[in-house]
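Survey of secondary and tertiary structure
Residues per chain, in single letters:
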Amino acid sequence: MKIWLDGGLQDLESARVSVLDHGLTVGDGIFETVKAVDGRPFALTRHLDRLTRSARGLGLPDPDHDEVRRACAAVLEANPMPLGRLRITFTGGHGPLGSDRGDLGPTLVVAVGETTRRPDSTAVITVPWTRNERGALTGLKTTSYAENVVALARAHDRGASEALFANTVGQLCEGTGSNVFVVLDGEIHTPPLASGCLAGITRELTVQWTGAQETDLPLDVLLRADEVFLTSTLRDVQAVHRVDDRDLPGAPGPVTAKAMRIFAERSGDDLDP
């Protein structure tokens, strides 16, 4: 396995990041996960644009898009696989043990791991913790991910693949690594970015391609929605067949099935929409 670290390909076994890297010591970093099909990344331009937005939100230098593209191409060429999870990580670099940053510049790591296609439907749970829609990191895809690790572990313990959060005012927000959509009376709705959710790339494309509405939704909409589905880089559009103890028989329902079909067709026609 080859990864890209600070300017070139390295063997996974020998690649090393400093133990004083700020991404490790205080979670001072950002990342993107990109789907790669037969060595070709999907929606890379949108992912790089979001990487830059996250960097600016965190006060990091703008990533060099040309370098990141070269890194992605090199890693994908060195590690051929039919379906890959391409991970771009950009941190504050070598720094002190406290919250202040060092001055040696950022660290860039690009790696890829093989994955498989997700099932057509999945189970989710809701969790008692909230997303802070007014926080300093709201809307940024940062490496400060421990909250998601805890929530996802609870989901797995309960036979689910994802955990869904409300925000501080009780509105439906997002999953640990996904956006959530509901179908009400045949119409598709998803929480707006003001809810505190991440501006998911797959979410954005799904809204554009299906005409979904961005709507403030209470968390208990999950108890009455006709259909529920998730979107993310590796899920694409995935139906939900159970929310907590509520079964949604027949998932994917007709509206979700149509959204799945539209996304598959549109994404297949254009790898960098």
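In this report, we go over the structure that sits alongside the text. (Residues numbered from 1 in each chain as written. Predicted model: local features only at pLDDT ≥ 70, side-chain atom pairs only at ≥ 80, totals over all residues. Heavy atoms only, no water.)

Next up on the list: the packing of aromatic side chains. Applying the stated criterion across every chain, the model contains four aromatic pairs. Over the ring of Phe-31 we find Arg-87; its NZ or CZ atom is 3.9 Å from the centre of that ring. (Phe/Tyr/Trp six-rings, centres within 6.5 Å; stacked < 30°, edge-to-face > 60°. Lys NZ or Arg CZ within 6 Å of the ring centre and 35° of its normal.)

Before going further, it helps to examine the sheet that holds strand E6 (residues 107–114). Strand order in the open sheet formed by six strands is E2-E1-E6-E5-E3-E4, and the pairing between neighbours is antiparallel. This sheet does not close on itself; its edge strands, each paired only once, are strand E2 (8–11) and strand E4 (40–41). Sheet topology places strand E5 (residues 83–91) next to E6; eight bridges connect them, and they run antiparallel. Residue Thr-89 lies in a different strand from E6, and its bridge partner there is Val-109. (Pairing = 2+ DSSP bridges. Helix = DSSP H or I, 4+ residues; strand = E, 2+ residues; numbered from the N terminus.)

Among the structural elements, Gln-238 can be located in strand E14 (residues 236–243). Taking relative accessible area as the criterion, Gln-238 reaches 2% and is therefore assigned buried. From its side chain, Gln-238 meets the backbone oxygen of Pro-119 in a polar contact 2.9 Å long. Within the local environment of Gln-238, its side chain forms a polar contact with the side chain of Arg-235, the two groups lying 2.5 Å apart. (Buried < 20%, exposed > 50% of the residue type's maximum accessible area, 1.4 Å probe, protein only. Polar contact = N/O pair within 3.5 Å; in protein donor to acceptor, adjacent residues only side chain to side chain.)

So, about the pairing of strand E10 (residues 179–184). Within E10, six of the six residues are buried, which leaves it mostly tucked inside the rest of the structure. Of the two faces of E10, the one carrying Asn-179, Phe-181 and Val-183 and the one carrying Val-180, Val-182 and Leu-184 are both buried. Sheet analysis places E10 next to strand E13 (residues 227–232), joined by five bridges and oriented antiparallel. For Phe-181, the partnering residue across the bridge sits in E13 and is Phe-229.

Our focus in this paragraph is helix H6 (residues 254–269). Taking 1.5 Å per residue, 16 residues should reach 22 Å; H6 reaches 23 Å between its end C-alpha atoms and fits that length. What H6 keeps buried is the set Val-255, Thr-256, Ala-259, Met-260, Ile-262, Phe-263 and Ser-267. The buried residues of H6 occupy an angular sector of 165 degrees when the element is viewed end-on, so they sit on one face. In H6, the exposed residues that point more than 90 degrees away from the buried face are Pro-254, Gly-268 and Asp-269. Of the surrounding elements, those touching the buried residues of H6 are E10, strand E11 (187–190), helix H5 (201–210), E13 and E14. (Expected span 1.5 Å × (residues − 1). Arc of directions from axis to C-beta. Contact = heavy atoms within 4.5 Å.)

So, about the packing of helix H2 (residues 44–58) against H5. Running from N to C, H2 and H5 cross one another at 125 degrees; their axes reach a closest spacing of 10 Å. On the basis of the axis angle, H2 is oblique to H5. For the pair H2 and H5, the crossing hand works out as right-handed. Contacts between H2 and H5 involve Arg-46, His-47 and Arg-50 from the former and Ile-201, Glu-204, Leu-205 and Gln-208 from the latter. (Axes fitted to C-alpha atoms, helices over the stretch in contact; angles between N-to-C directions. Parallel < 35°, antiparallel > 145°, perpendicular 65-115°, else oblique. Left-handed = near helix turned anticlockwise from the far one by under 90°.)

Next up on the list: the pattern of salt bridges. With the rule as written, the count across this model stands at twelve salt bridges. Of the charged contacts, one joins Arg-101 and Asp-28 as a salt bridge, the two residues approaching to 2.7 Å between their closest N and O atoms. Of the two residues, Arg-101 sits in the loop between E5 and E6 while Asp-28 sits in the loop between helix H1 (22–25) and strand E3 (29–37), which places them 73 residues apart along the sequence. The salt bridge involving Glu-214 is made with Arg-203; its shortest N-O contact spans 2.5 Å. Taken together, the residues Glu-214 in strand E12 (residues 213–214) and Arg-203 in helix H5 connect sequence positions eleven residues apart. Since its relative accessible area comes to 45%, Glu-214 is described here as partly exposed. When its relative accessible area of 5% is taken as the criterion, Arg-203 is described as buried. (Salt bridge = Lys/Arg side-chain N within 4 Å of Asp/Glu carboxyl O.)

To continue, consider helix H3 (residues 65–78). Between its first and last C-alpha, H3 extends 20 Å over 14 residues, near the 20 Å set by a 1.5 Å rise per residue. Within the span of H3, buried status applies to Val-68, Ala-71, Cys-72, Ala-74, Val-75 and Leu-76. Measuring from the side-chain oxygen of the N-cap residue of H3 to the backbone nitrogen of Asp-66 gives 3.0 Å; that N-cap residue is Asp-64.

Here we take up the environment of Val-34. Within the fold, Val-34 resides in strand E3. Assessed through its relative accessible area of 0%, Val-34 is described here as buried. Those residues within four positions of Val-34 in sequence are excluded, and the remaining contacts are Pro-41, Phe-42, Leu-44, His-47, Gly-84, Arg-85, Leu-86, Ile-88 and Thr-233.

Just geometry here; none of it tells us what the structure is for.
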